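Examination of the molecular architecture
What follows is each chain in one-letter form.
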Amino acid sequence: MADFTIEYPGTLAEALSFLDPDDPSVRPVGGGTALMLMMKSQMFHPTRLVCLSRLSEPMTGCREDGDHIRIGAMTTLSQVEHSALIAAEFPVIHNAMKNLANVRVRNVATIGGNLAHGDPHLDLPPIWAALGAEAIIHGPSGQRSVKVEDLFQGYYETDVADGELITEIRVPRLPGWRATYRKVTTRALHDWPAIGLTLAARFDGDRIADIRLVLSAAVDIPQRLRGAEEVLRGHRPDAMLLARAGDSAAAEAPMEHDSRGSVDYKVHLLKVHILRGMNEIGKG
Amino acid sequence: MTTRHISFTLNGRAVTASVQPHENLIDMLTTAFGLRGARESCGQGLCGCCTVHVDGQAVSGCLFLADMAEGTRIDTIEGLGGADGTLDPVQQAFIDAGAFQCGFCTPGFVMMVKTLLADDPDPSDDTIRHYLSGNLCRCSAYPEIVAATKLAARRIAAEGRP
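Summary of the structure given here. (Residues numbered from 1 in each chain as written. Chains lettered and ligands numbered in written order. Predicted model: local features only at pLDDT ≥ 70, side-chain atom pairs only at ≥ 80, totals over all residues. Heavy atoms only, no water.)

A short note on the interface of chain A and chain B
On the side of chain B, 31 residues touch chain A, which itself brings 26 residues to the contact. Here chain A packs against chain B, burying approximately 2,300 Å² in sum over the two surfaces, 60% of which is carbon and sulfur. Where chain A touches chain B, the interface holds one salt bridge. A salt bridge links B:Glu40 to A:Lys40; the shortest N-O distance between them is 2.7 Å. If you look at where chain A meets chain B, you find 14 residue pairs in polar contact (both at pLDDT 80 or more). At the level of elements, strand E1 (5–7), helix H2 (33–40), strand E3 (48–51) and helix H6 (103–108) of chain A are the ones that each hand at least two residues to the side of chain A that touches chain B. For the side of chain A that touches chain B, the element with the highest residue contribution is H6(A), accounting for six residues. Among the residues making up the side of chain A that touches chain B, the classes are represented as 11 nonpolar, eight polar and seven charged. (Contact = heavy atoms within 4.5 Å. Buried area = accessible area lost by both parts, 1.4 Å probe. Salt bridge = Lys/Arg side-chain N within 4 Å of Asp/Glu carboxyl O. Polar contact = N/O pair within 3.5 Å; in protein donor to acceptor, adjacent residues only side chain to side chain. Helix = DSSP H or I, 4+ residues; strand = E, 2+ residues; numbered from the N terminus. Nonpolar A, V, L, I, M, F, W, Y, C, P; charged D, E, K, R; others polar.)

Points about the sheet that holds strand E13 (residues 207–216) of chain A
In sheet architecture, strand pairing relies on hydrogen bonds along the backbone and comes in two forms, parallel and antiparallel. Residue and element names in this part refer to chain A. Read from one edge to the other, the open sheet built from four strands follows the order E11-E12-E13-E14, with strand pairing classed as antiparallel. One side of each edge strand has no neighbouring strand; the edge strands of this open sheet are strand E11 (177–184) and strand E14 (223–224). Of the pairings in the sheet, the one linking strand E12 (residues 195–204) to E13 comprises nine bridges and is antiparallel in character. In the strand pairing of E13, Arg202 is matched with Asp210. Of the strands in this sheet, E11, E12 and E13 are in contact with helix H12 (residues 263–282), which crosses E12 at around 35°. (Pairing = 2+ DSSP bridges. Axes fitted to C-alpha atoms, helices over the stretch in contact; angles between N-to-C directions.)

As for helix H2 (residues 89–96) of chain B
All names here are of chain B. Among the residues of H2, Pro89, Val90, Gln91, Ala93 and Phe94 are the ones counted as buried. Packing partners of the buried residues in H2 comprise helix H3 (106–119) and helix H5 (142–159). Of the residues that open H2, the one with a side-chain oxygen 2.8 Å from the backbone nitrogen of Val90 is Asp88. Looking at the residues trailing H2, positive phi occurs at Gly98, about 65°. (Buried < 20%, exposed > 50% of the residue type's maximum accessible area, 1.4 Å probe, protein only.)

Topic: the packing of helix H11 (residues 239–252) of chain A against H12(A)
Residue and element names in this part refer to chain A. Running from N to C, H11 and H12 cross one another at 140°; their axes reach a closest spacing of 9 Å. As the angle between them shows, H11 and H12 are arranged oblique. As for how H11 packs across H12, the hand of that crossing is right-handed. Touching Leu242, Ala245, Gly246, Asp247, Ala249 and Ala250 of H11 are Val267, Leu270, Lys271, Ile274, Leu275, Met278 and Asn279, all from H12. Considered class by class, the residues forming the contact of H11 with H12 number nine nonpolar, two polar and two charged. (Parallel < 35°, antiparallel > 145°, perpendicular 65-115°, else oblique. Left-handed = near helix turned anticlockwise from the far one by under 90°.)

Encoded structure:
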């Protein structure tokens, strides 16, 4: 393996000064779990890693901020998993943690690294997208925010430029919304999912007042299923309607076949899990 | 190759080591300290054979840059037993329950069970399976491993020590 250096900045400004807008071989590192895999498989050859472990708040921890919750990018998945605030505000995130990798990886992997990795098989990015979260990004020209829904630009490609890093995730509190993430693995639980489907909805009586559906894993980037949302919005989720939503979702999702299943198979899974997911959150 | 000298606490002792940037914790524990209990097996954080504790938390040593160990407290399977050779209650329970055949995965399982019992001294079957879901035993001693975990929990509760 080629030589590289590892820096440990003590401040955000120092961290940014170590990054290089013109050099993709200089990368910020959270826990390093995903990056280590890419380095081991020779996918990534760094010249400099900028380890963010010495940065403190707002890069760490979960806190309330008016009608939003903010999560520092360096907060580990375990810290989010065991946060009473997150469990109360976003049970869908809390529940997803238990089936995400394993205890050891969650102890090290970070919320920001998980987003910046840009892998469409990951469990949390599509959930953040469905919750309407945004990533706060710092770079040479200051701070900006991007909705998680718009963060991903291709397979392992994100809107985060070289020279920038994600500092926080900002999630709107969603009173009255119910959400679920269905991780559909076809072999072992800890396999990559064949499809991931996040359903988040607000009900008005027995009608769906508003809904967001995000498909992941079978697609290049986590993707809103806007056609299916349109079918469902404003209506009672009976079997006929859910079948129509499933057809619409299947038509709009550019799914890929791989070792976890054919496109036909994944289309079937998608339809089934729209039905099961709506039944799950519809019950309240 | 850039070599850096790092200081940390290894099984209760202050130590220093020379590490290269690409080395992971297992590389360092093996080459610098001759500790071979934690093994790199799958190399992807899935199998748990490389489980060590960093600042009291279980991690996959194969996915943890050695350089990042600076200033931390690292505990490995070699540090579990007493200086007089007595075994940790978890180690003894694995022997008494017959919770291994070849033993390759055992140090990783024992270190995960230590974490589990620190978090939950009286774990349910579900909790045991959840904590150990990232540890693979290819001899398939899983029923005995669950039994060993419960045996260790009972003994630790009876003795009133961690």
